[in-house]
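Close look at the chain arrangement
Take a look at the letters that make up each chain.
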Amino acid sequence: EILSEVFYRNSAETNRTGLEISGDVLLASGFKFNIAYTFSDFVYQKYSSGVIELDSTGNFVTRERDFSGNTVPSNPRHNLFLSAAFEHKWKPGVTLFAKLSSWAVSGMYVDDRNSDKTDGFQILNSTTGVDLQLGRLSALVSFGVDNLFDKTYTAFVNSNSTEGRFYEAGAPRNYFGSINFSYIF
């Protein structure tokens, strides 16, 4: 029998070990490189819980499961961001810029049982534009493309979905532009 109410509780003891590192490097006049890396090792130390599952006949049943030693779902082990940017003062009041960035994420477990894992992914983004300074008025005009190669990837994991609907896809290739004006009084 399934309860008509849903309850959430903190029922696990976890060991969350990780490392974050980032840095910016000015390679040459106008060229800048950025790196940010996160390593996450999140493991259930002690975790036993009643779970709702589908049995072989398609009925929902409640069972007690022990997840101790499993990796905490929805957390990638590796997360890497790289970017290279170029900025050039073309002439007084006119600065051109371009940026290329890459985001790479390792696969993530989708449930406490660690029964399935997403694929890792890498997406590439680009932005280019011009920054105009006209006295007290400035305008920033930029254009870009996110997910340049139109990769299909899992951007969000719906952990422990009873119906197995764990995956939510990230945005496909998309184009954007912006114009920002400012005036200094």
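Here the structure is shown first, and the text comes after it.
A short note on the overall build of the protein chain
Within the protein chain, the regular secondary structure consists of 0 helices and 10 strands. Along the protein chain, helices and strands appear, N-terminal first, in the series β-β-β-β-β-β-β-β-β-β. Computed over the C-alpha atoms, the radius of gyration of the protein chain is 23 Å, more than 25% above the 16 Å expected from 2.2 N^0.38 for a compact globule of 185 residues. Over its C-alpha atoms, taken along the principal directions, the protein chain stretches across nearly 75 × 35 × 30 Å. Each of the 185 residues in the protein chain was classed as buried or not, and the buried ones make up 25%. Pairs at least 24 residues apart make up 58% of the contacts formed inside the protein chain by residues separated by at least 6 positions. Surface summary for the protein chain: the accessible area is close to 12700 Å², and the carbon and sulfur share equals 54%.

A few points about the side chain of S138
Mapping S138 onto the fold places it in strand β7 (residues 137-146). At 2.4 Å, the side chain of S138 and the side chain of S182 are in polar contact. Not counting the four nearest positions on each side in its chain, S138 is found in contact with L132, Q133, N180, F181 and S182.

So, a nonpolar patch on the surface
Together, L134, L137, I179, F181, Y183 and F185 line one region of the surface with nonpolar side chains, adding up to about 750 Å² of accessible area. The greatest single-element share of the nonpolar patch, amounting to 3 residues, is contributed by strand β10 (residues 174-183). With respect to the secondary-structure elements, F181 resides in strand β10.

Details of the packing of aromatic side chains
Tallied over the full model, the rule gives 7 aromatic pairs. Centre to centre, the rings of Y44 and Y47 are 4.5 Å apart; their planes meet at 55°, and the pair counts as tilted. Judged on exposure class, the residue Y44 and its partner Y47 are both buried. An aromatic cluster is defined as three or more aromatic residues linked by ring pairs; in this entry it consists of Y44, Y47 and F67.

Thoughts on the nonpolar core
Membership of the largest hydrophobic core is limited to 6 residues, which are F42, Y44, Y47, V51, F67 and V72. With residues up to four places along the chain from it excluded, the contact list for F42 reads N15, R16, T17, N70, T71, V72 and N75.

Some remarks on the environment of Y109
Secondary-structure assignment places Y109 in the loop between β5 (94-105) and β6 (121-134). Residue classification places Y109 among the partly exposed positions, given a relative accessible area of 23%. The spacing of Y109 and G50 is 59 residues in sequence and 19 Å in space, taken between C-alpha atoms.

Some words on the environment of D112
Counting through the fold element by element, D112 comes out in the loop between β5 and β6. Separated by 75 residues in sequence, D112 and Y37 place their C-alpha atoms 25 Å apart. A polar side-chain atom of D112 sits 2.9 Å from a polar atom in the side chain of Y47.

Overview of the pairing of strand β3 (residues 60-66)
Judged from the 7 bridges that link them, strand β2 (residues 31-54) and β3 form a sheet pairing that is antiparallel. Within β3, the position partnered with E53 by the bridge is V61. Connecting β2 to the next strand, β3, in antiparallel fashion are 5 residues, including G58 with a positive phi near 90°.

Scoring rules and cut-offs
- Residues numbered from 1 in each chain as written.
- Predicted model: local features only at pLDDT ≥ 70, side-chain atom pairs only at ≥ 80, totals over all residues.
- Heavy atoms only, no water.
- Helix = DSSP H or I, 4+ residues; strand = E, 2+ residues; numbered from the N terminus.
- Rg over C-alpha atoms; globule rule 2.2 N^0.38 Å.
- Buried < 20%, exposed > 50% of the residue type's maximum accessible area, 1.4 Å probe, protein only.
- Contact = heavy atoms within 4.5 Å.
- Areas by Shrake-Rupley, 256 points an atom, 1.4 Å probe, with all protein chains shown as cover.
- Polar contact = N/O pair within 3.5 Å; in protein donor to acceptor, adjacent residues only side chain to side chain.
- Patch = residues over 30% accessible without salt bridge, like charges linked within 9 Å, V, L, I, M, F, W, Y side chains within 5 Å.
- Salt bridge = Lys/Arg side-chain N within 4 Å of Asp/Glu carboxyl O.
- Phe/Tyr/Trp six-rings, centres within 6.5 Å; stacked < 30°, edge-to-face > 60°.
- Core = buried A, V, L, I, M, F, W, Y, C linked by side-chain atoms within 4.5 Å.
- Pairing = 2+ DSSP bridges.

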